[in-house]
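Report on the structure
So you can see what is in the structure, the chains are spelled out below.
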Amino acid sequence: MKRIAVLTSGGDAPGMNAAIRAVVRTGVDKGWEVFGVRHGYAGLISGDLLPLSARDVSGVIQLGGTMLGSARSLEFKTEEGRRKAIRSLSERGVEAVVVIGGNGSQTGSQALCQMGFPVVGVASTIDNDLYGSETCIGVDTALNIALEAIDRLKVTASSHQRAFLIEVMGRNCGYLALMAAIAGGAEAVVIPEVDTDPEEIAVALRCGYERGKPHALVVVAEGAEYNAAGLARYFEEHKERLGFELRVSTLGHIQRGGAPGAFDRLLATRLAAAAVEELERGVSGVLMGLIRGEIVATLLADVVANKKALDLSLLELAQVLAK
Ligand code: ATP
């Protein structure tokens, strides 16, 4: 192996820069040339590659976002798009790619592998919906950002005896919402994995009010059947029954942009360095993830064929603790 490329794809996640840095420096250490691909798969198709030296990745480990840019590319979903990408890589003599990204991105990795081009994936998405890694780059930081917001909202909610519907990101996965609800001491949580009757949430709020709680927080996953706006609309007609005055706060992209914490910097560094080691050993078609504290390579074919399950016993725990 002499030349490899690295790209970030899908939603940005805090720690992506630490992963890019680790790919570059581990590759350089082996005497390889490393190229950065700008704007994810779109840049792979257009040939937007730039050589990266160890110095080019100085001062990025503490930054959120991605220095290479990310994008969503519809063209890459077509075989013709991927053929163009392979042509761009071959013209530059690139022999393998490290793809840092989530579910969709790793589906793209597998599609590229199936066309004969070596790829190793690195598990990175704040949604934590990727099979093959118990947690992914960005999850811990995004969760801490959500928690900080929840803590603040709790303070203002208590001052005015209000209820807050707090919407957090996570696409169709309720992981972030559930963990934020437990760690933030929320009164209720709404996730896509479980059907929620808004009536039950109304009852939970009312019970809290009658038990003398000074506030009520409901953490709502953006992908739930009733998101925060939907629940607020439902409650509009039942205002007086809730007891609390209701407010809505959507955390949205605030959750993405933060500086990666120690956990995500270390996870990103370990996963990315391991991806380069796999390539050196001639292994491709795998995703590097964290399983029981170990860095583990899972076949991309298994990653795309399986859906990661959410541990629903944690939902019961959240409900018990909300008393
Ligand atoms: P996140 O969930 O954190 O936003 P992600 O990696 O799941 O990240 P997606 O938008 O789902 O983000 O996917 C990123 C890109 O991966 C898509 O824009 C597309 O270029 C590529 N991709 C997704 N699905 C496929 C597919 N079935 N075949 C080939 N490429 C795909």
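Residues numbered from 1 in each chain as written. Predicted model: local features only at pLDDT ≥ 70, side-chain atom pairs only at ≥ 80, totals over all residues. Heavy atoms only, no water.

**Regarding the pattern of salt bridges**
Applying the stated criterion across every chain, the model contains 12 salt bridges. One continuous salt-bridge network, built from bridges that share partners, spans Glu79, Glu80, Arg83 and Arg87. (Salt bridge = Lys/Arg side-chain N within 4 Å of Asp/Glu carboxyl O.)

**Focus: the site of the ligand**
Near the ligand there are 18 residues, and of these Arg72, Ser73, Gly104, Ser105 and Thr125 occur at the shortest range. Contact distances for the ligand include 2.8 Å between an oxygen atom and a backbone N or O atom of Gly104. Here an oxygen atom of the ligand and a side-chain polar atom of Arg171 are 3.2 Å apart. Protein burial of the ligand: of its 640 Å² of free accessible surface, 88% is covered by the chains. With five residues, helix α4 (residues 103-114) is the largest single contributor of residues to the shell around the ligand. Tallied by class, residues from the shell around the ligand come to two nonpolar, 11 polar and five charged. (Near = heavy atom within 4 Å. Polar contact = N/O pair within 3.5 Å; in protein donor to acceptor, adjacent residues only side chain to side chain. Areas by Shrake-Rupley, 256 points an atom, 1.4 Å probe, with all protein chains shown as cover. Helix = DSSP H or I, 4+ residues; strand = E, 2+ residues; numbered from the N terminus. Nonpolar A, V, L, I, M, F, W, Y, C, P; charged D, E, K, R; others polar.)

**Some details on the nonpolar core**
The nonpolar side chains of a soluble globular protein tend to be buried with one another. Formed by 89 residues in total, the largest nonpolar core has its most connected members in Leu44, Val189 and Val219. Here this core gathers at least three residues from each of two domains, domain 1 (3-138 + 260-305) and domain 2 (140-256). When neighbours within four sequence positions are excluded, Val189 is seen to be in contact with Ala177, Leu178, Ala181, Val219, Leu315 and Ala318. Among the nonpolar cores identified, the runner-up in size contains 17 residues, and Val190, Val218, Val220 and Leu242 belong to it. (Core = buried A, V, L, I, M, F, W, Y, C linked by side-chain atoms within 4.5 Å. Buried < 20%, exposed > 50% of the residue type's maximum accessible area, 1.4 Å probe, protein only. Domains from an automatic or database assignment. Contact = heavy atoms within 4.5 Å.)

**Focus: unusual backbone geometry**
With the exception of glycine, the majority of residues adopt a negative phi angle, and the majority of peptide bonds are in the trans configuration. The phi dihedral of Gln161 is positive, around 50°, even though this residue is not glycine. Within the fold, Gln161 resides in the loop between α5 (139-160) and β6 (162-168). You can call Gln161 partly exposed: its relative accessible area is 34%. The phi dihedral of Arg171 falls on the positive side, at around 50°, and the residue is not glycine. Following the sequence through the fold, Arg171 ends up in the loop between β6 and α6 (175-184).

**Observations concerning the sheet that holds strand β10 (residues 286-291)**
Here seven strands make up an open sheet; going across it, the order is β3-β2-β1-β4-β5-β10-β11 and the pairing mixed. Looking at strand neighbours, the two that pair on one side only are β3 (49-52) and β11 (294-299), the edges of this open sheet. Here the strands of the sheet are splayed against their neighbours by 30° on average, with no regard to which way each runs. Bridge count for strand β5 (residues 119-123) against β10 is three bridges, and the pairing is parallel. By the bridge assignment, Val122 is partnered in β10 with Met288. Set on the sheet, helix α10 (residues 262-280) makes contact with β1 (3-8), β4 (96-101), β5, β10 and β11; between it and β10 the angle comes to about 140°. (Pairing = 2+ DSSP bridges. Axes fitted to C-alpha atoms, helices over the stretch in contact; angles between N-to-C directions.)

**Side note on the packing of aromatic side chains**
According to the stated counting rule, one finds three aromatic pairs in the structure shown. Here the aromatic rings of Tyr41 and Phe76 are separated by 3.7 Å at their centres, their planes lie at 5°, and the arrangement is stacked. On the criterion of sequence distance, the pair formed by Tyr41 in helix α2 (residues 40-46) and Phe76 in the loop between β3 and α3 (79-91) is long-range, its members being 35 residues apart. In this structure, Tyr41 and Phe76 share a single accessibility class: buried. Residues Tyr234 and Phe235 carry aromatic rings whose centres are separated by 5.8 Å and whose planes lie at 75° to one another, so their mutual orientation is edge-to-face. Note on Phe235: relative accessible area 1%, which makes it buried. Taken together, the ring pairs in this structure connect Tyr226, Tyr234 and Phe235 into an aromatic cluster. (Phe/Tyr/Trp six-rings, centres within 6.5 Å; stacked < 30°, edge-to-face > 60°.)

**Digging into the packing of helix α1 (residues 16-29) against α10**
Direction vectors running N to C along α1 and α10 enclose 35°, while the axes themselves pass 8 Å from each other. Once α1 is placed against α10, the crossing between them reads as right-handed. Only Arg265, Ala268, Thr269, Ala272, Ala273, Val276 and Glu277 of α10 make contact with α1, whose side of the interface consists of Ala18, Ala19, Ala22, Val23, Thr26 and Gly27. (Left-handed = near helix turned anticlockwise from the far one by under 90°.)

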